[in-house]
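Here's the letter readout for the chains.
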Amino acid sequence: MSETTAAEGTDTLSRLEQEGDIAADYLEGLLDIADLDGDIDMDVEGDRAAVSIISDGPSRDLQKLVGRDGEVLEALQELTRLAVLRETGDRSRLMLDVAGFRERKREELTDVGRKAVEEAQGTGEPVKLHPMTPFERKVVHDAVAEAGLRSESEGEEPQRCVVVLP
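Residues numbered from 1 in each chain as written. Predicted model: local features only at pLDDT ≥ 70, side-chain atom pairs only at ≥ 80, totals over all residues. Heavy atoms only, no water.

> When you look at helix α4 (residues 101-123) in this model, what are you seeing that I'm missing?
For the α-helix, the turn length of 3.6 residues means that residues three or four positions removed from each other point alike. Between its terminal C-alpha atoms α4 stretches 33 Å, which fits the 33 Å expected from 23 residues at 1.5 Å a residue. Among the residues of α4, those classed as buried are Phe101, Arg102, Lys105, Leu109, Thr110, Gly113, Ala116, Val117 and Ala120. Along its buried surface, α4 packs onto α3 (71-88), β3 (95-98), β4 (127-131), α5 (134-146) and β6 (161-165). With its phi angle positive at about 75 degrees, Gly124 sits one or two positions after the end of α4. (Helix = DSSP H or I, 4+ residues; strand = E, 2+ residues; numbered from the N terminus. Expected span 1.5 Å × (residues − 1). Buried < 20%, exposed > 50% of the residue type's maximum accessible area, 1.4 Å probe, protein only. Contact = heavy atoms within 4.5 Å.)

Next comes the structure, spelled out in structure tokens:
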């Protein structure tokens, strides 16, 4: 690896760690205001900062931050990204998880992708899935690619969906 490439990698890692720190500060303030107990866990996953709010005890209180089918979590993620933008001047691709919701959702969606692959291979026909959020579509696209097939998104938000091609 050249010195320039190594320096760029270090710069990217530092930038993503800074995004995580800013997000953690923002979320800690929010937890205090909402009088919710939770710990902040930060990591870098691939090319984005990943921040999780976790709890040692029952996570019923944290479920308020997830909402119905992750709607509150999506909004909270966007607010957190805006907080990072305000501090850094750069748009963030930060991923937020609360009480393991996204991780569980990722496992479910990977299964959906695998089943769609099996169906497409079995019938030889494209398989159109129900509308999904960008996060959900990405997980399904990754599962389909891992299985060796192609997929594409079609439609307009909020009715955009994945089509698995045989």
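> Even after reading the chapter, I still don't get the layout of surface pockets, so can you show me in this structure?
Where empty space is left in the structure can be found by rolling a water-sized probe over the atoms. Its volume calculated, the largest pocket comes out at about 480 Å³. Forming the boundary of the largest pocket are 21 residues, of which Arg48, Met95, Arg106, Phe135 and Lys138 lie nearest the centre. Contributions of two or more residues to the lining of the largest pocket are made by β2 (48-54), α3, α4 and α5. No other element matches α5, which puts 7 residues into the lining of the largest pocket. Considering only enclosed or pocket space, the second largest pocket measures out at about 190 Å³ in volume. Lining the second largest pocket we find 14 residues, and of these Asp69, Gly70, Glu74, Thr133 and Glu136 sit closest to its centre. Elements with a contribution of two residues or more to the lining of the second largest pocket: α3, α4 and α5. Each residue belonging to the lining of the second largest pocket can be placed in one class, and the counts come to 5 nonpolar, 2 polar and 7 charged. (1 Å grid on protein atoms, 1.4 Å probe; cavity = no way out; pocket = protein on both sides within 12 Å on 5 of 7 lines; lining within 4 Å. Points joined across faces, edges and corners; volume = space filled by probe spheres on them. Nonpolar A, V, L, I, M, F, W, Y, C, P; charged D, E, K, R; others polar.)

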